[in-house]
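Here are the chains, one letter per residue:
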Amino acid sequence: MLKVEGLTKIFGGLKAVDNASLEVGEGRIVALIGPNGAGKTTLFSCIAGFQSINAGRVTFQGKDITGGAVHDIARSGMVRTFQITQPFAKLTVHENIAVGAYQKFHDRSQAWEHARSVAEQVGMGAQLDQPAADLTVAGRKRLELARTLATDPKLLLLDEVMAGLNPSEIVEIIDIIRKIRAGGVTVLLIEHVMQAVMSLSEHI
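Fair warning: this is a prediction, and the values are worked out from it, not measured in the lab.

**Q** Could you clarify how one ought to interpret the pattern of salt bridges in this entry?
**A** When the charged atoms of two side chains lie near each other, side chains of opposite charge can form a pair. This model, assessed by the stated rule, comprises twelve salt bridges. Where D18 meets K15, a salt bridge forms, and the shortest distance between an N and an O atom there is 3.9 Å. Taking relative accessible area as the criterion, D18 reaches 52% and is therefore assigned exposed. With its nearest N and O atoms 3.5 Å apart, the salt bridge here joins D64 to R57. Residue classification places D64 among the partly exposed residues on the basis of a relative accessible area of 43%. R57 sits in the partly exposed class, given a relative accessible area of 40%. In the salt-bridge network here, residues are joined through shared partners; they are R28, R181 and E202.

**Q** Looking at this structure, how should I read the layout of surface pockets?
**A** The rolling of a water-molecule-sized probe over the atoms marks out the regions of remaining empty space. Within this model, the largest pocket holds a volume of roughly 460 Å³. Breaking the lining of the largest pocket down by element, the ones donating at least two residues are helix 2 (70-76), strand 6 (78-80), helix 3 (93-101) and helix 5 (137-149). Looking at the lining of the largest pocket element by element, the count peaks at four residues for helix 2. Residues of the lining of the largest pocket, tallied by class, amount to eleven nonpolar, six polar and three charged.

Definitions and limits used
- Residues numbered from 1 in each chain as written.
- Predicted model: local features only at pLDDT ≥ 70, side-chain atom pairs only at ≥ 80, totals over all residues.
- Heavy atoms only, no water.
- Salt bridge = Lys/Arg side-chain N within 4 Å of Asp/Glu carboxyl O.
- Buried < 20%, exposed > 50% of the residue type's maximum accessible area, 1.4 Å probe, protein only.
- 1 Å grid on protein atoms, 1.4 Å probe; cavity = no way out; pocket = protein on both sides within 12 Å on 5 of 7 lines; lining within 4 Å.
- Points joined across faces, edges and corners; volume = space filled by probe spheres on them.
- Helix = DSSP H or I, 4+ residues; strand = E, 2+ residues; numbered from the N terminus.
- Nonpolar A, V, L, I, M, F, W, Y, C, P; charged D, E, K, R; others polar.

Written out as structure tokens, the structure is:
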């Protein structure tokens, strides 16, 4: 589904990503691990179109998307979460998720209903009317996941979605990711929580 070949990203004199290659097969959960500062998030940013690349190639579902615009890549079915969650604080949980749903549904009532369904999927059904600003760290992580899911992705890039969570919250997120994959979404994740990496990943 995803093939990255010889990807290199340079910032000034710093080679942040050096000739990285990886493949993610359809329907799999693949983990990308490494120490802080290794270039994992930069690699994600390059794959998803948020950063230009200096060398290499990214292919998604057989199509070369190297240098493609973020919104075009997202529409093709690849979306990512961010380490630092930034919800629309003045909007409710429901409204935040609907922002993602509008990528697929232009009709408001359809987008609204799809957002409700996604909220249930990530365990936020009871928080639909809550302002995003009032969410806990765990709530913001779930909301970030829900916003990306609402775009109806084929491939989900998860960037440390479990960072800052307690053990019981981690177990809950692991279960949600398993259900996401069971629903037909392929997952590539960056994660430092080895419990999650080892229990979820088929390839690291």
